[in-house]
Amino acid sequence: METTAPIAAAALRANSSLDAALADAHARYAAARPRSAEIHAKARASLAGGNTRSVLFYAPFPTAMARGEAARLYDMDGREYIDALGEYTAGLFGHSEARIITAVKAALDGGINLAAVGEKEGDFAALLCARFPALELVRFTNSGTEANMMALAAARGFTGRNDVMVARGGYHGGVMTFASEKNAVNVPLPLHFMDYNDAAGAATQIRALGPQLGAVLVEPMLGSGGCIPARRAFLAALREACSETGALLIFDEVMTSRHSEGGMQALLGVTPDLTTLGKYIAGGMSFGAFGGAADIMAVFDGHKPGALPHAGTFNNNVWSMAAGCVAMGEIFLGPVVGALFARGEALRAGLNAACAGLPMQFTGLGSMMSVHFREGQIERPYKASPRDEALRELFFFDMLEAGIYIARRGMMALSLPITDADTAAITAAVREFAALRRPLLTAG
């Protein structure tokens, strides 16, 4: 098995300029991954852009993985990585959790697509309702994207109001991404935008919209927006203003639900009307969920005339239902949840110590964090400059060379199999990056 090389020698050669450093990093990356290059070139003949998930694309070509085990990934060119990305929070249990694999195999042995209800979906729903303060009733979807769309349908159906408020820089799935206010792939909703962590401004907007506003959809910590936690005062202001005006408050906890047994809503003591879930909840299988107060969720009750439809061939698929019961009923409980949160807090503190004194920092909460190449407190998303983007890209490629797999945008999400030795290795790689790239970090 080939191991990854240290970045030191090459980095010292390429520190004359950011452009030169990136060119050198790209060249070394491409030279070390001929099989990944071949796979990408072949895929471009039949896949638009050579892949089918935009977040996994980067130039000159993305690394193709062959397999994963626990908290390790192995690429098609024989290189090994610590998986510090954890499938953007969906891979919380790692790549080979035996209890989940056993549950999935047993479920599939009983038949794959049954076109019928089963016992496990009710059991799974009961587990989730017992954990999250806002959930009295819940329904399942195939993804967090669908969960957010259906939560908005529930809010609009219940209130009779169409308008929705979201945060600039928020992300609620592939068709509700708000890095910019206009995006051709977004669903055509009547939207209003608030600034994240602006409690007074957001509350004023909600009250001004009054009976026009049906829902406020917000992440308790921005995920793709840079792992920026919400202030409790911000979420509490949204809660108060929504209660006053009759708009429904929806917490998108697709990512953040991992931070306590009851999610961020339990951690902060702010309860929304509706909650959306996804990612890791079904043990890494395809999954999404939305739920909330019983009177709101009653809009989907087929026992009542005029119920809203909620379709989805794989909403209650047997493998996700079985894996979810094990994941949330047997594994991700109590001390395990707390230990993962504490490990992430310790890692982020260590990473910030490693780059102290530089315009570089890691924001986040618990087991989620992102790198930013700027100083000062970061409370909301910002428009990344070309320099920001270049430094993120250089950091990404340097971390890959050091054997650490993260998101191209600089995000990390720890999984349960991550060890103290792994977090020490991640910290050492960041320390080396900060030392070797200091001339580029401090230039300008």
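Residues numbered from 1 in each chain as written. Predicted model: local features only at pLDDT ≥ 70, side-chain atom pairs only at ≥ 80, totals over all residues. Heavy atoms only, no water.

A. Here's a closer look at the overall build of the protein chain. The number of helices and strands found in the protein chain is 15 helices and 16 strands. Taking 2.2 N^0.38 as the reference for a compact globule, 444 residues should give roughly 22 Å; the C-alpha atoms of the protein chain span a radius of gyration of 22 Å, in line with that estimate. Taking all 444 residues of the protein chain together, 53% fall into the buried category. Across the protein chain, contacts joining residues at least 24 apart in sequence account for 72% of those joining residues at least 6 apart. Approximately 17900 Å² of the protein chain is accessible, and the part contributed by carbon and sulfur atoms is 56%. Counting 38 positive and 42 negative side-chain charges, the protein chain places the averaged centre of each group 4 Å from the other. (Helix = DSSP H or I, 4+ residues; strand = E, 2+ residues; numbered from the N terminus. Rg over C-alpha atoms; globule rule 2.2 N^0.38 Å. Buried < 20%, exposed > 50% of the residue type's maximum accessible area, 1.4 Å probe, protein only. Contact = heavy atoms within 4.5 Å. Areas by Shrake-Rupley, 256 points an atom, 1.4 Å probe, with all protein chains shown as cover. Lys, Arg positive; Asp, Glu negative; His and termini not counted. Charge placed at Lys NZ, Arg CZ, Asp CG, Glu CD.)

B. The confidence of the model for the protein chain, seen in detail. When pLDDT is averaged along the protein chain, the result is 95, and 96% of the positions lie at 70 or above. Across residues 1-5, confidence stays below pLDDT 50; counting only partners more than four residues off in sequence or on other chains, it has 17 contacts. (pLDDT = per-residue confidence, 0-100.)

C. Representation of the packing of aromatic side chains. Scanning all chains against the criterion turns up 20 aromatic pairs. For the pair F290 and F300, a centre-to-centre distance of 5.3 Å together with 70° between the ring planes defines the contact as edge-to-face. Taken as a pair, F290 in strand β12 (residues 288-292) and F300 in the loop between α10 (294-297) and α11 (318-331) lie far apart in primary sequence, 10 residues in all. Under the relative-accessibility criterion, F290 is labelled buried at 0%. Residues F314 and W319 carry aromatic rings whose centres are separated by 6.2 Å and whose planes lie at 45° to one another, so their mutual orientation is tilted. Its relative accessible area of 36% is what places F314 among the partly exposed residues. Its relative accessible area of 19% is what places W319 among the buried residues. By the ring-pair criterion, three or more aromatic residues cluster together here, those being Y29, Y58, F61, F396 and F397. Above the ring of Y74, the side-chain terminus of R67 is found at 4.1 Å from the ring centroid. Just above the ring of Y382 sits the side chain of R374; from NZ or CZ to the centre is 3.6 Å. (Phe/Tyr/Trp six-rings, centres within 6.5 Å; stacked < 30°, edge-to-face > 60°. Lys NZ or Arg CZ within 6 Å of the ring centre and 35° of its normal.)

D. Local environment of helix α14 (residues 420-436). Its 17 residues place the ends of α14 24 Å apart at the C-alpha level, agreeing with the 24 Å of an ideal helix rising 1.5 Å per residue. Those residues of α14 that fall on the buried side of the exposure criterion are D422, T423, I426, T427, A429, V430, F433, A434 and L436. (Expected span 1.5 Å × (residues − 1).)

E. How the structure looks around the nonpolar core. Ranked by internal contacts, the top residues of the largest apolar core, which has 86 residues, are F124, L128, M360, F395 and M412. Residues I206, L249, F251 and V270 belong to the second largest nonpolar core, which totals 24 residues. (Core = buried A, V, L, I, M, F, W, Y, C linked by side-chain atoms within 4.5 Å.)

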